[in-house]
Amino acid sequence: MESSTHPQNPNTMASMYSSSLEALQLPFENLHLSDNSSLSLNASSTGVFPDPQRNHGLGFSRVGSFRSCLDYFTGESMNLGSSRFDNVNWFNSFSNVSPGFQPIFSLDSEYSYGYSNWVIDMAKTEEGSKDLQKLLSNSTKNNMIFSWVFDFIVELVIDQSGRYLFQKLIESADETQLQMILEKLLVPHNYIYHASLLKYGSCSIKKLITVLEKSPLITCVIKALSDKFEKLMMDPIGHYVIFECLDVLDSQTNDPLNIQAMKHCLELVRHEQGSVSMSGFVTRIKGPRRDQLLKLISRNSAFLAQDPTGNYVVQCVIRLQNPAMNDQIFRNLEGYYVKLSTTKTGSYVVEHCLLSSGLDRVINELLRSDRLVSVAKDRYGNYVVQTALKESKKREISLHGSLVVKLEQHLKCLQHGYGRNVVSVLRSLQ
């Protein structure tokens, strides 16, 4: 649960922590004693961490105090290239206030965690995120940053600027810290799934997959994604996280995803986004499950070819030029080529057949049909006939002459409507 000092409004946060470097590098004149101070300067007897929301004697500028404490905790200047900032020694600033002043907090103190809310807010700004990433480049500071942001890790994952700190954090984290992060993202809610649906969250999860590629922990991520496989594949953002797994991980690790793909294949290909996602999945899948998935699609090709979205996956499989799969598709479509040629979705599938090893099958069926002229005059069918003429001529097969002869017998009928496109091709091929 976030404290009352944690700003919820981005505009409020922006006003508190300006994302510009100039605003972050305020001079330390902001550190001063307030007039109504009731806290002794040594402050050690109270054990109270100075809260910028309350006046405990030290009146901090919120930006100035965060950066000052950050320098004190790390034991070094952030060195961001500003003489106004780099030439000031934070400890000396305290000493100048009072010779007897001693800071009451340290890295080993529970009070250092009082700045977690401030750190997370800084991480959500462009400049603050960059500053914290610089600290992570120093291995001695990793544990400190980790302890500050751990409770707010989900916020970092989905934030535009915070995601960069998260990505840097998991790169430098050890196995124990990575396990803690995973537990945070999975218990009690599957935040890996929810983050995968968001623009910036999906980038964070994809980075997590890359970092965990060789770690046994990756199985936890795969399990979380496979549990929500169908929803992710139907989402315009979420499916890219699945693709990242296929691109980065081996087939054995991805096996739970491959099993889900086979389970939900026929439902997904009939969904607008799901069909696009499954087409991408088919081109990426590796291992023994690949042929199983292709066979599933091939066996149902006659049904899918007539579906407004399912036809895209059939086209995708044909383009893979797998002889066994294509042969099964062409055999399943026999008897349907003429009918498919006169539908918007089906005509695309038939054209793909013509452009591959299914050319002979399609032309033979067109020649045997008494509907060849009707197909040639159809708004979609004329494209099929044009492709048949061009491809058969290009490959110099005997069926080309048979097709030309049959069409020329009906030139007069083809002079009108969409048939004129076919006549133009006939003349260009002479």
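Since the structure is predicted, the reported quantities are computational estimates derived from the model, not experimental observations. (Residues numbered from 1 in each chain as written. Predicted model: local features only at pLDDT ≥ 70, side-chain atom pairs only at ≥ 80, totals over all residues. Heavy atoms only, no water.)

A. A look at the UniProt feature "repeat: Pumilio" (unreviewed entry) in the chain. Per the UniProt annotation, the sites labelled "repeat: Pumilio" (unreviewed entry) are residues 148-183, 295-331 and 365-406. Along residues 148-183 the backbone is 78% helical and 0% strand, and the end-to-end C-alpha distance reaches 17 Å. (UniProt positions renumbered as here; feature names shortened; annotations may be inferred. Helix = DSSP H or I, 4+ residues; strand = E, 2+ residues; numbered from the N terminus.)

B. Inspection of helix H18 (residues 272-284) at higher detail. Between its first and last C-alpha, H18 extends 19 Å over 13 residues, near the 18 Å set by a 1.5 Å rise per residue. Taken residue by residue, H18 has Gln 273, Gly 274, Ser 275, Ser 277, Met 278, Ser 279, Gly 280, Phe 281 and Val 282 as its buried positions. Next to the buried residues of H18 lie helix H15 (229-233), helix H16 (239-248), helix H17 (255-268), helix H19 (288-299) and helix H21 (310-319). (Expected span 1.5 Å × (residues − 1). Buried < 20%, exposed > 50% of the residue type's maximum accessible area, 1.4 Å probe, protein only. Contact = heavy atoms within 4.5 Å.)

C. View of the packing of aromatic side chains. Following the criterion strictly, the structure yields three aromatic pairs and no others. Both rings, one in Phe 229 and one in Phe 281, keep their centres 5.7 Å apart while their planes meet at 90°; by these two values the pair is edge-to-face. Highlighted residues: Phe 229 in helix H15 and Phe 281 in helix H18, separated in sequence by 52 residues. For the residue pair Phe 229 and Phe 281, the accessibility class agrees, reading buried in each case. Pairing Tyr 240 with Phe 243 gives two aromatic rings, centres 6.1 Å apart and planes at 90°, and the pair type is edge-to-face. Linking Tyr 240 with Phe 243, this pair stays in helix H16, spanning three residues, or about one helical turn. (Phe/Tyr/Trp six-rings, centres within 6.5 Å; stacked < 30°, edge-to-face > 60°.)

D. Highlighting the nonpolar core. One finds Val 149, Leu 225, Phe 281 and Leu 407 to be the most contacted residues of the largest nonpolar core, which totals 101 residues. Mapped onto the domain boundaries, this core takes at least three residues apiece from domain 1 (112-249) and domain 2 (334-429). Look past the residues within four positions of Leu 407 in its chain and what remains in contact with it is Leu 372, Ala 376, Val 385, Leu 389, Leu 414, Val 422 and Leu 426. (Core = buried A, V, L, I, M, F, W, Y, C linked by side-chain atoms within 4.5 Å. Domains from an automatic or database assignment.)

E. How the structure looks around the pattern of salt bridges. Here the structure, examined in full by the defined rule, presents 13 salt bridges. Arg 270 is the salt-bridge partner of Asp 307, the closest N and O atoms lying 3.7 Å from each other. In this pair, Asp 307 is assigned in the loop between helix H20 (301-304) and H21 and Arg 270 in the loop between H17 and H18, connecting sequence segments 37 residues apart. Residues Arg 395 and Glu 391 are paired through a salt bridge, measuring 3.3 Å at the closest nitrogen-oxygen approach. Residue Arg 395 and its partner Glu 391 are both found in helix H27 (residues 381-395); the two are separated by four residues, about one turn of the helix. When salt bridges with common partners are traced through the structure, they connect Asp 327, Arg 331, Glu 334 and Arg 361 into a single cluster. (Salt bridge = Lys/Arg side-chain N within 4 Å of Asp/Glu carboxyl O.)

F. Layout of unusual backbone geometry. For the bond from Val 187 to Pro 188, the omega torsion is 0°, close enough to zero to count as cis. Here Pro 188 shows up in the loop between helix H11 (175-186) and helix H12 (191-196). The phi dihedral of Gln 321 is positive, around 55°, even though this residue is not glycine. As for its position among the elements, Gln 321 is in the loop between H21 and helix H22 (323-333). Residue Glu 396 is not a glycine yet carries a positive backbone phi of 55°. In this structure Glu 396 comes out as exposed when scored by relative accessible area, which is 70%.

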